[in-house]
Amino acid sequence: MKQQKNGTSLFITSILMLSSSLYASGPKFSIIPTAGSITSILLPSNFTETVSYQVTNKTKLTRTLTMVPMTGVSQTVNGSVCGNPFTLSPQQSCTLSLMITGSQVPASGIKGGPVICKTKGPNDNNPDPFLCSQPNQANILDISVTTPGQHAYVANQFANNVSVCQVNPATGFLTQCNITATGLDGVEGVGFNPSGTLFYSANLSGNSISVCNVNPSTGALSGCVNAGGSGFSQPDAVAFSPDGSIFYTANAGGNVTACLVNAVTGQLSSCTNNASLTFSAPSDMALNKSGTFAYVSDRGNSSVSVCNVSGQIVNSCNNLSGSLFNQPEGIILDPSGLHAYITNAGNGQVILCNIRQDGTGLLDNCTETNGSFHGTGNVGLNNLGTFAYVPNQLTSLVSACQVTLADGTLSRCIPSLGTGFDGPSGIAVN
């Protein structure tokens with residue numbers, strides 16, 4: 001077996017040497033990345049990525065071509081793409097679609113290719129090493145593998161559905177975005193139970209909560225149903241007690257609902273509504289790691305209430321701490337519990353506040369973070385707190401910002417590269 005692997009390696013090396021020498025007089029087969037296709041990728045080990053090239057037959061003869069096999073790279077042949085093998089007339093082109101699988105890429109990475117060769121003959125589809133080409137040096141595959149990534153879930157309020165995207169832990173970019181749940185009703189607040197096995201959607205327009213199963217490998221959602229429960233009035237948040245036994249939501253109708261959770265099905269029951277003089281139109285909420293404080297953003301009175309939590313009881317709320325709030329739509333705490341991010345619907349700003357560590361949990365030293373946002377909703381953070389994702393509902397884009405852990409500041413807020421969003425209003429990362 002070892003001898004066969006060495007032989008294959010030697011064969012590919014000889015092909016690369018021959019294809020390089022052929023480039024001196026121009027490539028026989030042109031291999032150019034398609035528009036928007038990135039060939040140099042830092043790929044999380046649990047993710048896949050797609051790379052596409054346009055292959056053109058530059059010879060004067062019709063050729064039957066094939067790609068030299070590469071570990072971790074598979075060719076997609078469905079639809080109007082190059083087959084395996086594929087035949088091209090002179091100057092004819094097709095799109096070579098490749099799927100890179102992080103878990104299969106060698107530890108040393110991929111540095112070169114794809115190599116396209118003519119086949120050896122009518123009844124032999126193996127590559128002929130004497131007539132091959134690969135992309136020029138700037139466009140060859142350059143794949144390195146990094147630590148496992150997470151998935152980002154984007155609530156598309158205008159389309160009543162949810163997108164799931166791969167989150168690159170190194171670059172922060174979102175890729176491979178797809179619609180994963182449909183038929184929701186005014187979805188805005190989204191989140192997960194503490195174990196990450198169940199996804200919840202607060203349906204603002206439907207006065208309901210939905211629960212979905214989560215595929216731990218692909219991140220896909222399935223089996224979405226009404227989670228039950230009662231007393232919801234424009235629910236707009238998803239929060240849990242640390243042990244996952246209690247579900248909380250902020251109701252824009254004026255209160256906070258707390259329900260018991262079935263550990264197996266995720267269904268809600270025995271719900272209790274909590275009122276407070278500080279509530280006008282609660283728009284989101286988050287709990288600290290110990291589950292003793294609830295932070296409730298209130299769009300109606302442009303404040304954030306800090307409330308005591310004991311089981312299903314949310315009371316003793318104080319909305320006099322913090323500043324710079326302008327119709328706050330969302331709130332999230334960083335993993336350290338030292339900082340809170342509040343998104344203002346009124347002026348499109350994200351406000352960063354420190355959380356006092358004196359036992360009161362109150363907010364202070366609030367500042368505007370860097371970035372120009374448009375119709376912000378609920379921000380999402382990755383598990384390390386190193387990247388923040390800000391939905392821009394008015395432009396249907398999501399911004400990715402780097403986070404400085406020491407002080408929580410946001411910087412380098414740029415488009416996340418994620419696509420397919422329609423009125424994004426909330427983000428959760430799992």
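Keep in mind the model is a prediction, meaning the values are calculated, not measured. (Residues numbered from 1 in each chain as written. Predicted model: local features only at pLDDT ≥ 70, side-chain atom pairs only at ≥ 80, totals over all residues. Heavy atoms only, no water.)

A. Structural view of unusual backbone geometry. In this model, Asn 84 is joined to Pro 85 through a cis peptide bond whose omega is 5°. Summarising the element assignment, Pro 85 is placed in the loop between strand S5 (73-76) and strand S6 (86-88). The peptide bond linking Gly 113 to Pro 114 adopts the cis configuration, its omega dihedral lying at 0°. By secondary structure assignment, the location of Pro 114 is in the loop between strand S8 (110-111) and strand S9 (116-121). Of note in this structure, Ser 316 is not a glycine but carries a positive phi near 50°. Following the sequence through the fold, Ser 316 ends up in strand S26 (residues 313-318). Positioned with a positive phi, Ser 396 is a non-glycine residue whose angle comes to about 55°. Its place among the elements puts Ser 396 in the loop between strand S32 (387-392) and strand S33 (397-403). (Helix = DSSP H or I, 4+ residues; strand = E, 2+ residues; numbered from the N terminus.)

B. Focus on the pairing of strand S25 (residues 303-310). Across the eight residues of S25, six count as buried, placing the element largely inside the fold. Judged from the six bridges that link them, strand S24 (residues 293-298) and S25 form a sheet pairing that is antiparallel. Its bridge partner lying in S25, Val 296 is registered against Ser 305. Here S25 runs beside S26; their pairing, made up of four bridges, is antiparallel. Bridge pairing in S26 places Val 306 opposite Asn 318. Adjacent in sequence and paired antiparallel, S25 and S26 are bridged by two residues, among which Gly 311 carries a positive phi angle near 65°. (Buried < 20%, exposed > 50% of the residue type's maximum accessible area, 1.4 Å probe, protein only. Pairing = 2+ DSSP bridges.)

C. Inspection of the packing of aromatic side chains at higher detail. Within this structure, the stated rule accounts for six aromatic pairs. Centre to centre, the rings of Tyr 200 and Phe 247 are 5.6 Å apart; their planes meet at 35°, and the pair counts as tilted. Separated by 47 residues along the polypeptide, Tyr 200 in strand S16 (residues 198-203) and Phe 247 in strand S20 (residues 246-251) bring together distant segments of the chain. Note on accessibility: Tyr 200 and Phe 247 belong to one class, buried. For the pair Phe 240 and Phe 247, a centre-to-centre distance of 5.5 Å together with 75° between the ring planes defines the contact as edge-to-face. (Phe/Tyr/Trp six-rings, centres within 6.5 Å; stacked < 30°, edge-to-face > 60°.)

D. Layout of the side chain of Asn 251. One can find Asn 251 in strand S20. Within the local environment of Asn 251, its side chain forms a polar contact with the backbone nitrogen of Ser 233, the two atoms lying 3.0 Å apart. (Polar contact = N/O pair within 3.5 Å; in protein donor to acceptor, adjacent residues only side chain to side chain.)

E. Broad picture of the sheet that holds strand S10 (residues 124-133). Read from one edge to the other, the open sheet built from four strands follows the order S6-S4-S9-S10, with strand pairing classed as antiparallel. The sheet is open, and its two borders are formed by S6 and S10, each paired with just one other strand. Averaged over all pairs of adjacent strands, the angle between their axes in this sheet comes to 50°, without regard to strand direction. By the bridge criterion, three bridges tie strand S4 (residues 63-67) to S6 in an arrangement that is antiparallel. (Axes fitted to C-alpha atoms, helices over the stretch in contact; angles between N-to-C directions.)

F. Representation of the state of the cysteines in the model. Under the definition given, this model contains eight disulfides. Put simply, Cys 212 and Cys 224 are joined by a disulfide, and their sulfur atoms are 2.1 Å apart. Here the disulfide of Cys 212 and Cys 224 is right-handed, its torsion about the S-S bond being about 115°. Here Cys 224 lies in strand S18 (residues 221-226) and Cys 212 lies in strand S17 (residues 208-214), a separation of 12 residues in the sequence. Overall, Cys 212 belongs to the buried group, its relative accessible area being 1%. Residue Cys 353 pairs covalently with Cys 366 via a disulfide, S to S 2.1 Å. Because the sign of the S-S torsion sets the handedness, a value of about 115° for the bond joining Cys 353 and Cys 366 places this disulfide among the right-handed ones. Remark: Cys 366 occurs in strand S30 (residues 363-368) and Cys 353 occurs in strand S29 (residues 350-355); sequence separation between them is 13 residues. Considered together, Cys 353 and Cys 366 belong to a single accessibility category, that of buried residues. (Disulfide = S-S within 2.5 Å.)

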